[in-house]
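Topology and contacts: notes
Residues per chain, in single letters:
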Amino acid sequence: MEALIVNKLGDPTTPPSSAATPPFSLSKTTPIPELTSPTSVRIRVSATSLNYANYLQVLGKYQEKAPLPFIPGSDYSGVVSAVGDAVTKFRVGDRVCSLANLGSFAQFLVADQSELFKVPEGCDMVAAAALPVAYGTSHVGLVHRAQLKRGQVLLVLGAAGGVGLSAVQIGKVCGAIVIAVARGAEKMQFLKSLGVDHVVDPSQSDIIPNVKEFLKARKLKGVDVLYDPVGGKLTKDALKLLNWGANILVIGFASGEVPVIPANIALVKNWTVHGLYWGSYRIHCPSVLESSLQQLLSWLASGLISINISHTYSLAEAHLAFAAIKDRKVIGKVIITLDDSARSKL
C-alpha cells in the first residue's frame with residue numbers, strides 16, 4: 001500500500017526535488033496492516049485531515065513524540081475492508097471516521113471497533129475526515145468546558161483556521177454572539193458569510209478599541225468566552241476585553257509565543273482558565289469524546305455545521321499540504337485524499 005513514512009524529524013514543507021533531504025518519503029510497498037485482535041477493524045482510508053499538530057509532529061516540536069520511523073496522521077474517514085471475529089458494530093463496506101494516534105497518511109489502517117464512528121447518510125466522507133480533531137476540540141472546549149450559553153459573547157482568535165472556524169460555527173449553533181479575529185480581506189469576507197456578528201483584522205486595526213466599540217453599540221459588558229489557538233500579543237490584547245467571570249480556553253500557540261495570563265487579574269475578575277489538550281480525553285475521559293463526536297456528526301448530517309475544505313492534495317503532494325498550513329493560507333481545513341472517489345467529489 002501507499003504510505004507516507006517519516007524517516008527523520010525536519011521541515012515537512014521540503015519538496016522532494018529539493019537539494020535538502022525531505023523528512024519523509026512516499027512508500028508504495030508498505031505492508032497492509034493485519035487485524036490485531038478479535039475486535040479490530042481494517043479501514044481503507046478515503047481522506048485524512050491535516051492539522052497544525054501534524055506539522056509540529058514532523059518537526060519534532062509536538063508534546064508527544066513518536067519513535068522513528070512513523071506514518072503521521074490523525075483524523076480520517078474510510079470504508080471498512082475487514083473485521084475481526086468479535087466485531088459487532090461494523091460490517092465490511094460501512095463508512096466510518098475516527099482519530100488515530102498515528103498512521104492515517106496511508107491507504108489502510110487498523111483500529112478497534114470502540115474507536116470508530118459510523119458516518120451518517122448524507123455526510124460527505126471528506127467532511128467527515130475533517131471533523132474529529134478541529135470540531136471535536138471546539139465542541140469539547142465550548143460546550144463541555146466553558147459551557148457556552150445562548151446570548152454570551154464568544155471571541156475567537158485565529159478564526160479562519162481549522163479549529164478557529166469550527167469554534168465560530170459551534171458558537172453560532174449555541175446561540176452565542178460571535179466576534180472573530182482573522183487576517184486578510186478574503187478571510188474576513190468568508191467569516192461574514194457565516195453570519196459572524198463582528199470581524200476584526202488585527203493587521204488593519206487594534207482589536208481592543210475595535211471590539212470595545214462593537215460591545216458598546218450592542219450594550220454588552222464584555223467577552224464571556226475567549227477561544228485562543230494563537231497566543232502571543234493577540235492573547236494579551238484579548239484579556240483586556242474579558243467580562244467578569246469569563247472563561248478562557250487555551251487551545252494552542254500558533255503564533256509561537258506562549259502567553260502569560262496574570263493570576264492576580266484572574267483572581268479579581270473571577271476568570272476560569274481551561275487548558276485543553278483534546279487528545280488526552282481519549283485516555284482520561286473517552287465518554288466525553290464519544291458523545292461529542294456523535295453530536296457533531298448529527299449536526300453535520302443535518303446541516304447545522306458545514307466544513308470548508310480550503311486545500312486538497314494527494315499523498316505525493318504532502319509537502320504542499322504542510323506548506324499551506326505553515327504559510328497560513330488556509331480557510332478551514334486541508335485534506336489529503338487517498339482514493340479517486342473522494343477526490344472526484346471535490
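What you are looking at is a predicted structure, and each value in this text was computed from that prediction instead of being measured. (Residues numbered from 1 in each chain as written. Predicted model: local features only at pLDDT ≥ 70, side-chain atom pairs only at ≥ 80, totals over all residues. Heavy atoms only, no water.)

Another aspect to go through is the overall build of the protein. Scanning the protein for helices and strands turns up 12 helices and 15 strands. On C-alpha atoms alone, the protein measures out to a radius of gyration of 20 Å, which is about the 20 Å that the 2.2 N^0.38 rule sets for 346 residues. Projected onto its principal axes, the C-alpha positions of the protein cover 60 × 50 × 35 Å. Per-residue burial for the protein yields a buried fraction of 55% across its 346 residues. Long-range contacts, defined as pairs at least 24 residues apart, comprise 69% of the intrachain contacts of the protein with a sequence gap of at least 6. Accessible surface, the protein: about 15,300 Å² in total, of which carbon and sulfur atoms supply 53%. Where the 33 positive side-chain charges of the protein centre and where its 25 negative ones centre are 7 Å apart. (Helix = DSSP H or I, 4+ residues; strand = E, 2+ residues; numbered from the N terminus. Rg over C-alpha atoms; globule rule 2.2 N^0.38 Å. Buried < 20%, exposed > 50% of the residue type's maximum accessible area, 1.4 Å probe, protein only. Contact = heavy atoms within 4.5 Å. Areas by Shrake-Rupley, 256 points an atom, 1.4 Å probe, with all protein chains shown as cover. Lys, Arg positive; Asp, Glu negative; His and termini not counted. Charge placed at Lys NZ, Arg CZ, Asp CG, Glu CD.)

This part is about helix H7 (residues 232-239). With six of eight residues buried, H7 is to be regarded as a mostly interior element. Within H7 the residues assigned to the buried category are Gly-232, Leu-234, Thr-235, Asp-237, Ala-238 and Leu-239. Elements in contact with the buried residues of H7: strand S8 (153-156), strand S9 (177-181), helix H6 (207-217), strand S11 (223-228) and strand S12 (242-250).

In this structure's numbering, the residues bearing the UniProt feature "domain: Enoyl reductase (ER)" (unreviewed entry) are residues 24-336. End-to-end, the C-alpha atoms of residues 24-336 are 15 Å apart, and along that stretch the chain is 33% helix and 24% strand. (UniProt positions renumbered as here; feature names shortened; annotations may be inferred.)

One open sheet accounts for six strands, arranged S10-S9-S8-S11-S12-S13; its pairing is parallel. Edge positions in the sheet fall to strand S10 (198-200) and strand S13 (272-275), since each of these pairs with one other strand and no more. Strand-to-strand twist of the sheet, defined as the mean angle between neighbouring strand axes without regard to direction, takes the value 15°. Two strands pair when backbone bridges link them, and S9 and S10 are joined in this way by three bridges, in the parallel orientation. The partner of Ala-180 across the bridge, within S10, is Val-199. With respect to the sheet, helix H4 (residues 162-173) is in contact with S8, S9 and S11, its orientation differing from that of S8 by roughly 170°. (Pairing = 2+ DSSP bridges. Axes fitted to C-alpha atoms, helices over the stretch in contact; angles between N-to-C directions.)

Attention shifts here to the packing of aromatic side chains. Scanning the model with the defined rule gives four aromatic pairs in all. Measuring from ring centre to ring centre gives 5.9 Å for Phe-24 and Phe-322, while their planes differ by 35°; the resulting arrangement is tilted. In this pair, Phe-24 sits in strand S2 (residues 24-27) while Phe-322 sits in helix H11 (residues 318-326), placing the two residues 298 residues apart along the sequence. Considered together, Phe-24 and Phe-322 belong to a single accessibility category, that of buried residues. Chaining the aromatic ring pairs together yields one cluster made of Phe-24, Phe-105 and Phe-322. (Phe/Tyr/Trp six-rings, centres within 6.5 Å; stacked < 30°, edge-to-face > 60°.)

Here the focus is a positive patch on the surface. On the surface, Lys-212, Lys-236, Lys-240 and Lys-269 cluster together into a patch of positive charge. For Lys-269, the location among the structural elements is in the loop between helix H8 (263-268) and S13. (Patch = residues over 30% accessible without salt bridge, like charges linked within 9 Å, V, L, I, M, F, W, Y side chains within 5 Å. Salt bridge = Lys/Arg side-chain N within 4 Å of Asp/Glu carboxyl O.)

This part is about the pairing of S13. Side-chain positions along a regular strand alternate between the two faces of the sheet. Inspection of the sheet shows S12 paired to S13 by four bridges, in the parallel sense. Bridge pairing in S13 links Val-250 to Gly-275. Taken together, S12, H8 and S13 constitute a β-α-β crossover, and its handedness is right-handed. (Right-handed = clockwise from strand over helix to strand, strands pointing away.)

Let us now look at the pattern of salt bridges. Taken as a whole, this structure holds eight salt bridges when the rule is applied. Two residues, Glu-2 and Lys-28, come together in a salt bridge whose shortest N-O distance is 4.0 Å. Linking Glu-2 in the segment before strand S1 (3-6) with Lys-28 in the loop between S2 and strand S3 (40-50), this pair joins segments that are 26 residues apart in sequence. Residue Glu-2 is classed as partly exposed on the basis of its relative accessible area of 25%. With its nearest N and O atoms 3.1 Å apart, the salt bridge here joins Asp-197 to Lys-172. Of this pair, Asp-197 sits in the loop between helix H5 (185-193) and S10 while Lys-172 sits in helix H4, and the two are 25 residues apart along the sequence. Accessibility expressed as a relative area gives 30% for Lys-172, which makes it partly exposed. Residues joined in a network through salt bridges with shared partners are Lys-172, Asp-197 and Arg-218.

Inspection of the secondary structure puts Ile-309 in strand S14 (residues 309-313). Assessed through its relative accessible area of 23%, Ile-309 is described here as partly exposed. Spatially, the C-alpha atoms of Ile-309 and Lys-333 are 4.9 Å apart, while their sequence positions differ by 24 residues. Excluding its chain neighbours within four sequence positions, the residues that come into contact with Ile-309 are Val-126, Ala-130, Lys-333 and Ile-335.

Contact pair helix H3 (residues 132-145) / helix H10 (residues 286-302): the axes reach a minimum separation of 10 Å and the direction vectors enclose 110°. In terms of orientation, H3 and H10 fall into the roughly perpendicular class. Residues Pro-132, Tyr-135, Gly-136, His-139, Val-140 and His-144 of H3 form the contact with H10, whose participating residues are Val-288, Leu-289, Ser-292, Leu-293, Gln-295, Leu-296 and Trp-299. When its residues are assigned to classes, the contact of H3 with H10 shows eight nonpolar, five polar and no charged. (Parallel < 35°, antiparallel > 145°, perpendicular 65-115°, else oblique. Nonpolar A, V, L, I, M, F, W, Y, C, P; charged D, E, K, R; others polar.)

Now for the side chain of His-274. Position of His-274 among the secondary structure elements: in strand S13. Classification of His-274 by relative accessible area gives buried; the value is 9%. If we skip the residues at most four places from it in the chain, His-274 touches Arg-145, Ala-146, Asn-247, Ile-248, Leu-249 and Val-250.

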